Amino acid sequence: MFRFASPEYLYLLALIPALALVFVLSARARRRRLERFGKPATIAGLMPDASPKRVRNKFILYLIALSLLILAMARPQTGAKLREVNRDGVEIMIAIDVSNSMLAQDFEPNRLERTKYSILRMLEGLNEDKVGIIVFAGDAYVQLPITSDYLTARNFVGQISPNMVSKQGTAIGAAITLATGSFTSDSGSSRVLILITDGENHEDDAIAAASHAASLGVRIYTIGMGTPEGAPIRIGDDLILDPKGDIVVSKLDEQTLQQIAVMTGGAYVRAGNQSIGLNEIIEAINNTEKSSLSAMVFEEYDEKYQYFLGAALLILLAGIAM
């Protein structure tokens, strides 16, 4: 693993293009001043030892040396030793509905984008827990296996879109079944599934899948995205129409989500424009029994700044010698 121990010094790299601009402008000004005294070819003959090319090359060497010095100040390091650590936490699988109905705009800018924003905020507050991501529509897929790497999780959440699942529909049961089998063996009873959907299940028996999850100790919290009144589904500039040519209106189906939550010991939350309820769910999860979860972390780091510093000094000497 590579990292900078003092990354704040990397902001100094902004000096490099600024210095390059100053050099170019000063060279132009110098050339214009010389042209006042005569033709450039004549002046060059009077100054045989002057070499604009050598001046430029020396400046480039100095810029490279300065860049390497800044990198050395930022203290580049590489992970030298992995260690397994145990933390008391909960494994959280987040199943996100990415069907076209999640593009309905009863939330701003739409249900799916509102969901992604809330998950990103939630990940900022996690500490000891592990998290995984499932996306589903007509099928369900593991997008990110259980991990303690929240940075990777945030990157994966940012990439979520309806194009990730080609088969349309809302297979809630498939998402529950897949999540149930995705927890690690050391999670014990600390298994939580957060199911985020509009609840319009058209594909399978979600209740049977939830019953099986409950028997394995999985607690399911459901979040209903949308309103009972519903909203049209817009893809680009076009509204989705049914076979009769009428505008399709996606409405929140709360009954199924409430049943799933109750039978697994979780809770149901109806999302709102201000908050979709993830913060309340995380508070409830923090009060549940936690298990000792193992994770691999880098325990020691080797300093690599000396290589950058040595290269910078060599380049400076080359510039001086030139």
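What counts and what doesn't
Residues numbered from 1 in each chain as written. Predicted model: local features only at pLDDT ≥ 70, side-chain atom pairs only at ≥ 80, totals over all residues. Heavy atoms only, no water. Helix = DSSP H or I, 4+ residues; strand = E, 2+ residues; numbered from the N terminus. Buried < 20%, exposed > 50% of the residue type's maximum accessible area, 1.4 Å probe, protein only. Areas by Shrake-Rupley, 256 points an atom, 1.4 Å probe, with all protein chains shown as cover. Pairing = 2+ DSSP bridges. Salt bridge = Lys/Arg side-chain N within 4 Å of Asp/Glu carboxyl O. Expected span 1.5 Å × (residues − 1). Polar contact = N/O pair within 3.5 Å; in protein donor to acceptor, adjacent residues only side chain to side chain. Axes fitted to C-alpha atoms, helices over the stretch in contact; angles between N-to-C directions. Contact = heavy atoms within 4.5 Å. Phe/Tyr/Trp six-rings, centres within 6.5 Å; stacked < 30°, edge-to-face > 60°. Core = buried A, V, L, I, M, F, W, Y, C linked by side-chain atoms within 4.5 Å.

Looking only at helices and strands, the protein chain has 10 helices and 13 strands in total. By the burial criterion, 39% of the 322 residues in the protein chain qualify as buried. Accessible surface, the protein chain: about 17,200 Å² in total, of which carbon and sulfur atoms supply 55%.

Taken across its seven residues, strand 7 (residues 218-224) has six buried, putting it largely inside the fold. Relative to strand 7, strand 6 (residues 191-197) runs parallel, the two being bridged by seven bridges. Note on strand 7: the bridge partner recorded for Ile194 is Tyr221. Taken together, the three bridges between strand 7 and strand 12 (residues 268-270) define a ladder with parallel strand orientation. Following the sheet pairing, Gly224 is matched in strand 12 by Arg270.

The tally for this structure, following the rule as stated, stands at six salt bridges. Across the pair Arg121 and Glu124 runs a salt bridge whose closest N-O atoms are separated by 4.0 Å. Placement of the pair is Arg121 and Glu124 together in helix 4 (residues 111-125), with a separation of three residues, close to one helical turn. For Glu254, the salt bridge identified is with Arg270, shortest N-O distance 2.8 Å. Here Glu254, found in helix 8 (residues 254-263), pairs with Arg270, found in strand 12; they are 16 residues apart in sequence, far enough to count as distant.

Our focus in this paragraph is helix 4. The first and last C-alpha atoms of helix 4 sit 22 Å apart over 15 residues, in line with the 21 Å expected at 1.5 Å per residue. At the N-terminal boundary of helix 4, the capping side chain belongs to Asn110, with an oxygen 3.1 Å from the backbone nitrogen of Leu112.

Quick look at the sheet that holds strand 7 now. Spatial strand order, 5-4-3-6-7-12: six strands in an open sheet with mixed pairing. The sheet is open, and its two borders are formed by strand 5 (140-147) and strand 12, each paired with just one other strand. Averaged over all neighbouring strand pairs, the angle between strand axes comes to 15°, with direction disregarded. Sheet strands touched by helix 5 (residues 150-158): strand 4 (130-136) and strand 5. Its angle to strand 4, the strand with the most contacts, is close to 15°. Strand contacts of helix 8: strand 6, strand 7 and strand 12, with the helix running at about 155° to strand 7, the strand carrying the most contacts.

Counted under the stated rule, the structure contains two aromatic pairs. For the pair Phe2 and Phe4, a centre-to-centre distance of 5.2 Å together with 85° between the ring planes defines the contact as edge-to-face. Overall, the relative accessible area of 48% leaves Phe2 in the partly exposed class. Among the residues examined, Phe4 registers a relative accessible area of 25% and is labelled partly exposed. Between Phe23 and Phe59, the aromatic rings sit 4.1 Å apart at their centres with planes inclined by 10°, giving stacked as the arrangement. Of this pair, Phe23 sits in helix 1 (residues 15-35) while Phe59 sits in helix 3 (residues 52-73), and the two are 36 residues apart along the sequence.

Moving on to helix 3. With 22 residues, helix 3 should cover 32 Å at 1.5 Å per step; its first-to-last C-alpha distance of 32 Å lies within 8% of that length. By the burial criterion, the buried members of helix 3 are Phe59, Leu61, Leu63, Ala65, Ser67, Leu68, Ile70, Leu71 and Ala72. One or two steps after helix 3, the chain reaches Arg75, where phi turns positive at roughly 55°.

This part takes up the nonpolar core. Nonpolar side chains tend to gather and get buried jointly when the protein is soluble and globular. Ile92, Ile194, Ile223 and Ile285 are the most contacted members of the largest nonpolar core, which has 34 residues in total. Put simply, the parts of the chain that give this core at least two residues each are strand 3 (91-97), helix 4, strand 4, helix 5, strand 6, strand 7 and helix 9 (278-286). Setting aside anything within four residues of it in sequence, one finds Ile194 in contact with Ile92, Met93, Ile94, Ala95, Met122, Tyr221, Ile223, Leu278, Ile281 and Ile285. In this structure, Ala140, Leu195, Ala206 and Tyr268 belong to the second largest nonpolar core, which totals 24 residues.

No statement about biological role is implied by the geometric values presented.
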